[in-house]
Each structure stands twice: as structure tokens, then as C-alpha cells.
Amino acid sequence: MEKTAEEQLIGPLLLARGTIDRSSALRADDRWLEKAWADPGTRVLVIDNGHTLVRRAGDEVHAVLYTPAQAPPGERYLLGVEGGTAYFAVAAPLPGTSAGDLNGRVTMPMSLNDTPEGSPVPAGLRQVGGLLGDRDAGLLVHAVALEAWHATHQFCPRCGARTAVQAGGHVRVCPQDASQHFPRVDPAVIMLIRDEDDRCLLARGPQWPEGRLSILAGFVEPGESLEYAVVREVAEEVGVHVVNPRYLGSQPWPFPRSLMLGFFADATTTALTPDADEIAEARWFTRDELVAALRSGEVRLPPPVSIARRLIETWYGGELVGDW
């Protein structure tokens, strides 16, 4: 199968946006960090269990940013600098909430239109990652990833001592053995598989409700190339042999620490033998069959914020409706 024109451009990857210079050279400059924190022009995003406060302004959605004096106490992470303005994140209960209020729950209304304009509401990346502008989307993705890493890596894996935050939140250092520990990123391949009739393969994990379908994905194993991971994961999950994996784009998915690497690949077999531990059902769809299933409500697709949705719509050739 030749690569289509649509395949040349995967389309907007909504969690891969950002305008901020991450300013990694400044992270080790403690004097600069303190000076930036004392600057009333600095802006702070508060992050709590993957959520921040957002507000609606007309048709736009913005992250609520604070001055350092307004921000609650908590671990600070330097997110970067833009136009002379420093941006930090602080891991702390969101202003107007109490510690533990969120507990991983989505507290935002189903639509921001349900809230008074300008009123701050808690939201996570899945809900507003595609609604925020480029700057705020990049800030939130960065903050969510750092918060998740710090929450689970507070102790040295070598000696068990509690580590200290350094380098603007991008390193943890053990006070006992001086070892340095850096934020972890787990690469995962996610792939849209097509057969010789240009049908698309969609599947559902056992933990998902009926009708919630997506494309296949899996983590890259040690010593493995991305291309081999595509071939291996598809064979393991549904018993289909694929060739010609083609990289299309990547997107951070900090739930808690994945980097999703998107591929197309071509199936040379079509018989489906799902691994019951990984896949509850798997089906081939033509474009017309998928549209009909979406219109009837039989099938629901991943939300537009996901790279899975972008890959499906790239194959389809346009936008689709029917979100999870």
C-alpha cells in the first residue's frame, strides 16, 4: 500500500504543543531561581494530582496562573521562560480546595459552558488539554509529568534515603550517596494497523466498557527498537503479522509517564486471535462501517486529545464524532 497524502501529516497533536523555552541551563542556577521566584512578574501554575484550575473566557479556556506571593506552599518546578517571564509549577492543593479533595477524580463539569464565565474549576489534561492554548497546554503537560514523577520517586532506589528536589524540580539527589535521579519517561508504541483492503483494526481492553474501541499500543521493552515493538505487540495482542511500520509522530501522555510514538503498519494476515489478558475484542472496520458504528452509538473513539484519535482520523481522512 502506498503512503497516502493524509498519511504525510498526522494532524494536530494536542498534548505536543507549547511555546515556553524550558530553559534547562537555568535549573542549576539557585541564585537565578530565587530571584525569579521573588519577581512579581513570575507566573505559577498550581498542580494537584494531575489537575489545575482553569477558567472560561468566551470561547477560550485558560489555565489560572498566580504570582509567587499568591501561590500556596509546595514543591516548585521550573517550567521555563517566555518573553522574560518565568513560569513555575507548585505541587499543592488547588486554591479553594482541600488536600485530597481530587483523589484522581474528574471534578470539572462535562462542559465548561456549565460554569459561570471566569469562575475557576479543577480540570485535568484529558478534559482540557485540547481546549487550552499552546502555552497553557505545554505548561500543564510539563507540570503533570513532573508532579507524577516526584510523587512516586521520593526515596533513593540505592539506599532508601529520602531524596531532595534540585535543578528546578528536574532532579532528585540522595543526601546519603549523592546519586542523582531524573524524571522517568516510558516509551510506548501506538499503531494503526491496515489490511490490504485498507480496513482499520480497532480493539478494546478487558477493563473498558463495551463499545469503547481504540488502536493497539504497548510499551517498548529493554533492548528493543520501536519498529520491532510495533510488530511484537500486534502479534502478541491479536495474532496479526504486520510489516512496514512507519513513524508518524509522538505525543507525551503523562498518565503517569508515557511518551506515545505513533505508527502506521500493514497487516499481512487478518485472522484475529486476541490475547484474553490484553484484548476483550478486536474488529476490522472499513470507513463506512466505522461511521455507521459511531452514528449508532455502537462504537466510541478515544477523545481528540489523544494521539490514537489523530491516527484513526488520519486513516479515515477527516474528523470523526463519537468520543468516550
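Everything numeric here is computed off the predicted structure, so don't read it as measured data.

Caption draft 1: Main features of helix α5 (residues 287-296). Taken as a whole, α5 has its buried residues at L290, V291, A293 and L294. With its buried residues spanning 165° around the axis, α5 presents them on a single face. What points out from α5, more than 90 degrees from its buried face, is the exposed set D288, R295 and S296. Buried residues belonging to α5 abut β12 (200-204), β16 (281-285) and α6 (307-316).

Caption draft 2: A look at the sheet that holds strand β10 (residues 180-181). Strand order across the open sheet formed by three strands is β8-β9-β10, with antiparallel pairing between neighbours. Taken across any chain shown, the strands that pair with only one partner, and hence form the sheet edges, are β8 (164-166) and β10. By the bridge criterion, two bridges tie strand β9 (residues 171-173) to β10 in an arrangement that is antiparallel. Each bridged residue has a counterpart across the sheet, and for V173 the counterpart in β10 is Q180.

Caption draft 3: Region of the structure containing the sheet that holds strand β3 (residues 60-63). Taken in spatial order, the three strands of this open sheet run β3-β2-β7, and their pairing is antiparallel. Each end of this open sheet is capped by a strand with a single partner; those strands are β3 and β7 (121-124). The sheet shows a mean angle of 50° between the axes of neighbouring strands, direction not considered. Looking at chain direction, strand β2 (residues 51-57) and β7 are connected through four bridges and run antiparallel. Considered in β7, the bridge of H51 is made with G124.

Caption draft 4: Region of interest: the packing of aromatic side chains. Considering all chains together, one arrives at three aromatic pairs under this definition. Taking 5.7 Å as the distance between ring centres and 65° as the angle between the ring planes, the aromatic pair formed by Y247 and F263 counts as edge-to-face. Placement of Y247 in strand β14 (residues 242-253) and of F263 in strand β15 (residues 258-267) is noted, with a sequence separation of 16 residues between them. What makes F263 buried here is its relative accessible area of 1%. Between W253 and F255, the ring centres sit 4.7 Å apart and the planes meet at 75°, which makes this aromatic pair edge-to-face. Residue W253 is classed as buried on the basis of its relative accessible area of 18%. Assessed through its relative accessible area of 27%, F255 is described here as partly exposed. Positioned above the aromatic ring of F255 is the side chain of R126, whose terminal nitrogen or guanidinium carbon lies 3.9 Å from the ring centre.

Scoring rules and cut-offs
Residues numbered from 1 in each chain as written. Predicted model: local features only at pLDDT ≥ 70, side-chain atom pairs only at ≥ 80, totals over all residues. Heavy atoms only, no water. Buried < 20%, exposed > 50% of the residue type's maximum accessible area, 1.4 Å probe, protein only. Helix = DSSP H or I, 4+ residues; strand = E, 2+ residues; numbered from the N terminus. Arc of directions from axis to C-beta. Contact = heavy atoms within 4.5 Å. Pairing = 2+ DSSP bridges. Axes fitted to C-alpha atoms, helices over the stretch in contact; angles between N-to-C directions. Phe/Tyr/Trp six-rings, centres within 6.5 Å; stacked < 30°, edge-to-face > 60°. Lys NZ or Arg CZ within 6 Å of the ring centre and 35° of its normal.

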